[in-house]
Amino acid sequence: MQGKNRIRIRTLAVLVTALWAGQAGAAGYPFQDTALAPEARIANMLSLMTVDEKIDALSTDSGVARLGIPSFGSTEGIHGVVRRGDQDHQKSRITTTQFPQPPGMGASWDPALVRRAGAVQSTEARYITQSAAYQQPAPQPMLMQWGPQADLARDPRWGRSEEVYGEDPFLAGTMAVAFTRGIQGDDPTYWRGAALLKHFLANSNENGRGNSSSDFDERLFWEYYSVPFRMGFEEGGARGVMAAYNAWNGTPMGVHPLLNSLVIKQWGVDVVSSDGGAIGNLVKLYKRYPSQKEAAVAGLKAGINQYLDTYKDELRAAFREGTITEAELDAALARKFRVTLKLGLLDPAQGNPYAAIKDGAAPWDSAAHKAVSLQMALESIVLMKNEQHTLPLSKTGIKRIAVIGPHADSVHWDWYGGIPPYKVTALDGIRAAVGPGVQVDYVPDNGGGAAERAARAADVAVVLVGNDPTCGPNMGKEWTDAGTKPCADPGDGREGRDRETLQLAQEALVRQVLAANPKTVMVLMSSFPYTINWSKQHVPAIVQMAHSSQDQGSALAQVLFGDYNPGGKLVATWPASMDQLPPMMDYDIRHGRTYMYARGEPLFPFGHGLSYTSFRYARLRTDAAALPRDGALNVEVEVANTGKVAGDSVVQLYAAWPKSAVSRPQKMLVGFQRVSLKPGETRTVRIPLEARRLAWWNAARGAFEVERVPVRLMLGESSADIRLTRTVEVR
């Protein structure tokens, strides 16, 4: 195959060069001719490059300066462009719009809004890449954005739960598709940016991740762990992926045969990146190869064409020895240069709608980008509990309010977040909302009884507790070969460190505040679930939101005082106890993980979230009598706002297979829609259901299969709050 590829590339290069040689007055290189087919342009590029240039281009710098081929560069990008500044690499500090962490974006259950957020991020990356103002001290290309994160929150102890959309594959996949489409844009010819999904595959433990193995069968690969990736590639059009540190069933993902056989050849992925230091892990942790050279070579042969590790001298030595060939380098780079062409980096600006994103004011200062940021923050907020209509608070009835807690006057940065152009803390937002006529007392903790005194003197107390996404300010200096050092609070987690407990240490502060003032609102700023059993039983109102939004305080204040009715829904099951969880390294979710297989009553179910209004569901129906095995139908339901204020209902469609001949989940999300309704308004909500969403993986046949058995459809406002059911035949 490699010999055929090399002959094909050489033939294309010869033909292209010959054609250009016959054109009198032709200037430049053939690859600059937009009339040529993409593969012909790429063949010409490769024919002009030296071996050293080819090896160099396997880094995050995909450019070839001698030939005038720009690099598309890279940036972290799961909830905003990241450019915190790096003096060693001549990268200046740049502010950019920062959205809530992905669990918050997922909690919106609003893929259209997530797509708009992806477009905001990608537009800002284009602006930085192309604006003359950001080319000093060196160009800063960042058109390839390392996001969305397509892994799944299999276990709430996972330290990187803050990076993913949730535990459900369809929800996470839908959000990955939306964010990818937002990044890449709608133009039929060019991309605004290039999405790189991470981390393939089954990456959801931090402790020992450098050489741990995620073990599970083929069915779970196809039905659970790979679903968001497959959706991101096939439905979202993503063409980049990062291989995970871990192994699957003993084979490290960075050299797994699936990279070639499935990811590249079937899903059509062009850029396959190693993770940072992952090549070295193959030597020192997995002990799979004797040296960095052999590991780098193995990565190349497995499909890696972007290294985040030491590799250049190693591949040069391997080339001299004949261990790798120029044909293998060409095949790897041909895929990479497809992304260069899709981004329009070798074409005239005319005809590329994204080439003009470089002039004028910085987009993160625009009203349009600020509006998307605020809406994303608003829709991410989940009302967990609201006993006796404690919320919303009345501005007119409050003369004094106590704002308490370690998260009240900060917007935390996180490891994959950038620097926002502004930050609104909860304290800022509350002060702005109530105005100068209301006294706002702020205390960070109960040292010396300060929190209790403030709460006792106030009409209402708002106590903000939760986790620190980086477990302190020194995360960048706390790395070891085994990950990061333990967090001071065992309930915290971060990249490189899993949580030791699901208990909220700061719940003690909530107890103290509530004892001093029964009208207490608990705001949980968290990246993952907590076992807040006491708070659920005793605190009258609980609001949950993710970290890191630049509009965190503005959105929270609008919810607290009723200027916005929350409609967010949980993206993970909140267990009542860690005893409900299987061992951390048990990757077989059928042993009791996620709402699909959970055992016992959860503290809060997947999809849970309250509103200041109420909704009635009626007349569940389908537009066809049966569902064809290779077709689709529409599920319809009438949703009415039966309360006195406008609000959002998230209609959730689940499926179950009571007569299946194979084991299936107890229920599985197969559709959803967030709908906004005015008081008294009724609307018919239509959710498309494709039969392929109901398929199971038949390992014996090596294919998905849709059973001809009745499917029980369930509509509700959470996985536990099912309002209507209907059985549909599959034929």
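Residues numbered from 1 in each chain as written. Predicted model: local features only at pLDDT ≥ 70, side-chain atom pairs only at ≥ 80, totals over all residues. Heavy atoms only, no water.

### Quick notes on the pairing of strand 11 (residues 400-404)
Side-chain positions along a regular strand alternate between the two faces of the sheet. Counted only if it meets this: Throughout this description, buried means an accessible area under 20% of the type-specific maximum (1.4 Å probe, protein chains only), exposed means over 50%, and partly exposed covers the range between. Here a strand is any run of E in DSSP of at least two residues, a helix any run of H or I of at least four, and the numbering for each starts at the N terminus. If the strands point away from the viewer and the path from the first strand over the helix to the second runs clockwise, then the crossover is right-handed. One requirement defines pairing of two strands: DSSP has to find at least two bridges between them.
Among the five residues that make up strand 11, four are buried, leaving the element largely enclosed by the rest of the structure. One crossover worth recording links strand 11 to the parallel strand 12 (residues 439-443) by way of helix 15 (residues 426-434), and it is right-handed. Direction of pairing for strand 11 relative to strand 13 (residues 460-466): parallel, over a ladder of four bridges. Bridge pairing links Ile401 to Val460 in strand 13.

### Things to note about helix 8 (residues 227-234)
Using the following cut-off: In what follows, residue pairs with any heavy atoms lying within 4.5 Å of each other are defined as contacts.
Among the eight residues that make up helix 8, seven are buried, leaving the element largely enclosed by the rest of the structure. Turning to helix 8, its buried residues number three or more, namely Val227, Pro228, Phe229, Arg230, Met231, Gly232 and Phe233. Looking at the packing, one finds that the buried side of helix 8 touches helix 6 (169-184), strand 4 (197-200), helix 7 (218-225), strand 6 (240-243) and strand 25 (703-705).

### Some thoughts on the packing of aromatic side chains
Our working definition: Stacked, tilted and edge-to-face pairs are distinguished by plane angle, under 30 degrees for stacked and over 60 for edge-to-face with tilted covering the rest, among Phe, Tyr and Trp rings (Trp via its six-membered ring) whose centres lie within 6.5 Å. Only when the NZ of Lys or the CZ of Arg is both within 6 Å of the ring centre and within 35 degrees of the ring normal is a charge said to sit over the ring.
Enumeration according to the criterion identifies 29 aromatic pairs in this entry. It is Arg84 that lies over the ring of Trp415; its NZ or CZ is 5.8 Å from the centre.

### Notes on the sheet that holds strand 6
The criterion, for reference: Between N-to-C directions, angles cover 0 to 180 degrees, with each direction set by a line fitted to C-alpha atoms, over the stretch in contact for helices.
The strand order across the open sheet built from three strands is 4-6-9, with neighbouring strands paired in parallel fashion. The sheet is open, and its two edges are formed by strand 4 and strand 9 (271-273), each paired on a single side. Sheet twist, expressed as the mean angle between neighbouring strand axes with direction ignored, is 25°. Two strands pair when backbone bridges link them, and strand 4 and strand 6 are joined in this way by three bridges, in the parallel orientation. Across the sheet, Phe200 pairs through a bridge with Ala243, a residue of strand 6.

### Considering the sheet that holds strand 20 (residues 632-641)
Within the open sheet, the three strands sit side by side as 18-20-23. Their pairing is antiparallel. Pairing within the sheet leaves two strands with one partner each, and these edge strands are strand 18 (615-622) and strand 23 (682-690). Each strand of the sheet is rotated relative to its neighbour by a mean of 25°, with strand direction disregarded. In the sheet, strand 20 pairs with strand 23 via nine bridges, with the strands oriented antiparallel. Pairing of Asn634 across the sheet is with Pro688, part of strand 23.

### Digging into the packing of helix 5 (residues 111-130) against helix 6
This is how it is decided: Take the far helix as your reference; a near helix turned counterclockwise from it by less than a right angle gives a left-handed crossing, and one turned clockwise gives a right-handed crossing. Basically, the charged four are Asp, Glu, Lys and Arg, the nonpolar ten are Ala, Val, Leu, Ile, Met, Phe, Trp, Tyr, Cys and Pro, and anything else, Gly included, counts as polar.
Contact pair helix 5 / helix 6: the axes reach a minimum separation of 6 Å and the direction vectors enclose 35°. For the pair helix 5 and helix 6, the sense of crossing is right-handed. For the pair helix 5 and helix 6, the contacting residues are Pro111, Val114, Arg115, Ala117, Gly118, Ala119, Gln121 and Ser122 in the first and Thr174, Met175, Ala178, Phe179, Arg181, Gly182 and Ile183 in the second. A per-class count over the contact of helix 5 with helix 6 returns eight nonpolar, five polar and two charged.

### Topic: the pattern of salt bridges
Definition in use: We define a salt bridge as a contact between a side-chain nitrogen of Lys or Arg and a carboxyl oxygen of Asp or Glu at a distance within 4 Å.
Overall, the coordinates contain 40 salt bridges when judged by the stated rule. The closest approach of N and O atoms between Lys385 and Glu387, which form a salt bridge, is 3.9 Å. Exposure remark for Lys385: the relative accessible area of 10% places this residue in the buried category. Salt bridges here are not isolated pairs; linked through shared partners, they connect Arg160, Glu163, Glu206, Arg209 and Glu495.

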